[in-house]
Amino acid sequence: TGVDTVTTPSVGSSSSTLSLSKFNYGSNPITIDLDGGNVRIKKGAGAPFALNSARVSVGELTFEHIVAVGSAPAAVKVILIIGSSQFQTTIHLRK
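Here's a quick rundown of the structure. (Residues numbered from 1 in each chain as written. Predicted model: local features only at pLDDT ≥ 70, side-chain atom pairs only at ≥ 80, totals over all residues. Heavy atoms only, no water.)

Here's the deal with the sheet that holds strand β4 (residues 30-35)
Then, in step 1: Strand order in the open sheet made by the five strands is β1-β3-β4-β5-β6, with antiparallel pairing throughout. The sheet is open, and its two borders are formed by β1 (3-8) and β6 (49-50), each paired with just one other strand.
Then, in step 2: Both strand β3 (residues 18-22) and β4 contribute to a ladder of three bridges, which runs antiparallel. Residue pairing for β4: L18 is matched across the bridge by I32. (Pairing = 2+ DSSP bridges. Helix = DSSP H or I, 4+ residues; strand = E, 2+ residues; numbered from the N terminus.)

Here it is as structure tokens:
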């Protein structure tokens, strides 16, 4: 199912936390954040758990909520820094 709403970050801003809700999904909201070098995911009222291995320490995690323009859908740009390497992707939101 697609994304219903992105709560954090707000449109046009950036945050180290991404919080969103999906259509017809029983474990909303889904929250992804950085805690002590670990990228964590939390679904609904469940406990957060690490997405990365204990051997990997993430230095920085940034989410940018990009506004929809014309026929282009809204998007979330993700920047992840591990050591001296930066990884970046942009995910367009579908409904």
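Back to the text.
Quick notes on the pairing of strand β9 (residues 85-92)
Then, in step 1: Alignment of strand β8 (residues 75-82) against β9, held across eight bridges, turns out to be antiparallel. Across the sheet, residue I82 finds its bridge partner in β9, namely S85.
Then, in step 2: Between the antiparallel neighbours β8 and β9 lie two residues, among them G83 with a positive phi of about 60°.

Here's the deal with the nonpolar core
Nonpolar side chains tend toward joint burial in soluble globular proteins.
Then, in step 1: Ranked by internal contacts, the top residues of the largest apolar core, which has 15 residues, are V6, L18, I32, F63 and V76.
Then, in step 2: Secondary-structure elements contributing two or more residues to this core are β1, β3, β4, β5 (38-43), β7 (60-66) and β8.
Then, in step 3: Excluding residues that lie within four positions of it along the chain, I32 makes contacts with S16, T17, L18, V39, R40, I41, L61 and F63. (Core = buried A, V, L, I, M, F, W, Y, C linked by side-chain atoms within 4.5 Å. Buried < 20%, exposed > 50% of the residue type's maximum accessible area, 1.4 Å probe, protein only. Contact = heavy atoms within 4.5 Å.)

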